[in-house]
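Observations on chain architecture
Each chain is listed here by its residues.
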Amino acid sequence: MAGPGVRAFHLAWELARHVPTTLLAKLDDFDAAVLGGRTPPEQLKAVNTRSAGWREHLREPALVISQPHREILQLRGAAKRVIWDLFDPVVLEMKEMTRAPIALRHRVHFEREWWRLRRALASGAARIHATPAQRHFYSGVFSALRGHAGDWGDSWLHVPFGVEEVVPARGGDEHRLETPSLIWGGGVWEWLDPATAIEAVRQANQGGVRCTLRFLGLSRPDDMSSNESLRKTRALIDSAPGLVVTNEWTPYRERSQWLLASRASIMLHRKSLESDYSIRTRFFDSLWCGVPVIASEGGYVAEIIRDEGLGVIVPPGDRGAVVAAIGRLFEDDEFHASCVKNMERVKPRFLWRRVCEPLVDKVRELQRI
């Protein structure tokens, strides 16, 4: 699952501990690949959005929680029935994709996303932001559109990303790595910087630090969009045989095994507005598994890593700094151990059941109205 799917799954899981909850997603039911041996809450069910009539389920619930999708925006009574989850600043991602000459359909998509955001900011029972900076961004957009409006500023919930409570045991031989590995956890979207990671791993090996870079995903299986970053990344991977390994798109429940077998993880981005307002969802996998992180400066997660001592922060695009960070995490056992210890200290703050508390409280409040 990509970040939005991961988030929807876990929000639904936590809500179902308290109220009957239906997850609308592209799956027939919760299977072993998603559950990982866990038993879902009794009040949780899944409905496949590929099935006929799935939209009928939107008429049943007293409350819908969603990103601003078309079907939700068209709901009657949406102003009272919807909590908008704006954790993903899609308009800023789209801005990065429109830097180069693009097809008309992408420009149309960009304008459509702005329209959806404006509608969400002007309606709904509440809105969710994942970082304080996101709240400031959306407040600025709203002020430019409509100015001050009553208690709009009080209708926000802070729900960042989360981690699961139990880390699975290390995997078997299929996940054992001969060379210490650096994990790239997500895709290679236009606003990210996989090229610097690949070049830094090549340079680190030339300097005597044995390591490989493993991508747990490149482009998710259902992503049909044109992605120039993906094409460039594949070319760089082909030019670094033996140093870069790819899992085209790792099944959700297998990601922990690759992380637990690795020395560190890496998440690099270019300097942009997207990086300032994003929440890097794959960081939370690293936090869950206790794997120190090399990350680009900028954004909510970079601040946590720096302030809490969870890895190394590097300037965007600075290959030399990435090489130095790899050397430190791969060769300085004492520093590596301190990062792991700090992760264990920080992790309880981001348990899914804890970060979802404001949402659970809001749902209960709205049920009483």
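Residues numbered from 1 in each chain as written. Predicted model: local features only at pLDDT ≥ 70, side-chain atom pairs only at ≥ 80, totals over all residues. Heavy atoms only, no water.

So, about the nonpolar core. By size, the foremost hydrophobic cluster in this structure holds 48 residues, and its most contacted members are Phe-283, Phe-284, Leu-287 and Leu-359. Every residue in contact with Leu-359, bar those within four places of it in the chain, is listed here: Leu-11, Leu-15, Ile-65, Ile-83, Ile-128, Leu-157 and Val-159. By size, the runner-up hydrophobic cluster in this structure holds 38 residues, among which are Ala-204, Leu-218, Val-322 and Phe-330. (Core = buried A, V, L, I, M, F, W, Y, C linked by side-chain atoms within 4.5 Å. Buried < 20%, exposed > 50% of the residue type's maximum accessible area, 1.4 Å probe, protein only. Contact = heavy atoms within 4.5 Å.)

Throughout the structure, instances matching the rule amount to two cavities of 30 Å³ or more. The computed volume of the largest cavity comes to approximately 100 Å³. Surrounding the largest cavity, 14 residues form its lining, Val-6, Phe-161, Gly-162, Arg-255 and Asp-285 being those nearest its centre. At the level of elements, helix 1 (3-15) and helix 12 (283-289) are the ones that each hand at least two residues to the lining of the largest cavity. (1 Å grid on protein atoms, 1.4 Å probe; cavity = no way out; pocket = protein on both sides within 12 Å on 5 of 7 lines; lining within 4 Å. Points joined across faces, edges and corners; volume = space filled by probe spheres on them. Helix = DSSP H or I, 4+ residues; strand = E, 2+ residues; numbered from the N terminus.)

As enumerated under the stated definition, the model contains twelve aromatic pairs in all. Between Phe-161 and Phe-284, the ring centres sit 5.7 Å apart and the planes meet at 40°, which makes this aromatic pair tilted. Taken together, the residues Phe-161 in the loop between strand 6 (156-158) and strand 7 (181-184) and Phe-284 in helix 12 connect sequence positions 123 residues apart. When sorted by exposure, Phe-161 lands in the same class as Phe-284, which is buried. Aromatic side chains Trp-184 and Phe-215 sit 5.5 Å apart centroid to centroid with 45° between the ring planes, which places their arrangement in the tilted category. (Phe/Tyr/Trp six-rings, centres within 6.5 Å; stacked < 30°, edge-to-face > 60°.)

Taking 1.5 Å as the rise per residue, helix 15 (residues 333-346) with 14 residues should run 20 Å; its terminal C-alpha atoms sit 20 Å apart, in good agreement. Turning to helix 15, its buried residues number three or more, namely Phe-335, His-336, Cys-339, Asn-342, Met-343 and Val-346. For helix 15, the angular spread of buried residues about the axis comes to 125°, placing them on one side. With respect to the buried face of helix 15, the exposed residues turned more than 90 degrees away are Asp-333, Glu-334 and Lys-341. With a side-chain oxygen lying 3.2 Å from the backbone nitrogen of Glu-334, the N-terminal cap of helix 15 falls on Asp-332. (Expected span 1.5 Å × (residues − 1). Arc of directions from axis to C-beta. Polar contact = N/O pair within 3.5 Å; in protein donor to acceptor, adjacent residues only side chain to side chain.)

So, on to the side chain of Ser-296. With respect to the helices and strands, Ser-296 occurs in strand 11 (residues 293-296). Since its relative accessible area comes to 2%, Ser-296 is described here as buried. One polar contact links the side chain of Ser-296 to the main-chain amide nitrogen of His-269, over a distance of 2.9 Å. In this view, Ser-296 contacts Met-267, Leu-268, His-269, Ala-302, Ile-313, Val-314 and Pro-316; residues no more than four positions away in its chain are not counted.

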